[in-house]
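Each chain, letter by letter, is given below.
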Amino acid sequence: DGEKFSINFIGGEPLIYPAAIEAMIEFTNALASPRGIRVRYEMTTNGTLVTSAIAQMLARYGVNVTVSLDGPAEINDLVRPTAGGLGSTEKCLRGVAELFKVQEQLGSVNVHSVLIPMFSCRSSIGT
């Protein structure tokens, strides 16, 4: 009683199941609230499935949202193609825009990147 903990929704892509996420949050809140337990909800998403309705649902619960974006479109689209093999950056940025509309109600909005060697290069310094 009176403690706090975090639940982090990660993937694959957790927003494939927004109704399940909302049900889990509601269930957790119903158990935690009477005991004074503070729950922090976190989510890592590629952002491509964030609609206005999903952003509003996440805002209702003050979810801390992290969006994966691995650089400019020419890099991100190579690293994170859609299921159909197309680039995901445009959809991701639309999702981020929806999150910014409700930013004040969200716990936070963050971006993370996975840095990987994409190109081989040699330094000509000193040679």
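One can find the structure itself at the top, above this paragraph.
Attention here is on the structure that accompanies the text. (Residues numbered from 1 in each chain as written. Predicted model: local features only at pLDDT ≥ 70, side-chain atom pairs only at ≥ 80, totals over all residues. Heavy atoms only, no water.)

Our focus in this paragraph is helix 2 (residues 52-60). Listing the buried residues of helix 2 in full gives Ile 54, Ala 55, Met 57, Leu 58 and Ala 59. Just downstream of helix 2 lies Gly 62, where phi reads positive at about 60°. (Buried < 20%, exposed > 50% of the residue type's maximum accessible area, 1.4 Å probe, protein only. Helix = DSSP H or I, 4+ residues; strand = E, 2+ residues; numbered from the N terminus.)

All right, on to unusual backbone geometry then. With the exception of glycine, the majority of residues adopt a negative phi angle, and the majority of peptide bonds are in the trans configuration. Of the consecutive residues Gly 11 and Gly 12, the connecting peptide bond is found in the cis state with omega at 15°. Tracing the sequence through the fold places Gly 12 in the loop between strand 1 (4-9) and helix 1 (18-32).

Running from N to C, helix 1 and helix 2 point in directions that differ by 10°, and their axes come no closer than 11 Å. As judged from the angle between their axes, helix 1 and helix 2 are roughly parallel. Judged by the sense of rotation from one axis to the other, the crossing of helix 1 with helix 2 is left-handed. On helix 2, the residues that touch Pro 18, Ile 21 and Glu 22 of helix 1 are Ile 54, Met 57 and Arg 60. Considered class by class, the residues forming the contact of helix 1 with helix 2 number four nonpolar, no polar and two charged. (Axes fitted to C-alpha atoms, helices over the stretch in contact; angles between N-to-C directions. Parallel < 35°, antiparallel > 145°, perpendicular 65-115°, else oblique. Left-handed = near helix turned anticlockwise from the far one by under 90°. Contact = heavy atoms within 4.5 Å. Nonpolar A, V, L, I, M, F, W, Y, C, P; charged D, E, K, R; others polar.)

Any functional reading would require information that these geometric values do not contain.
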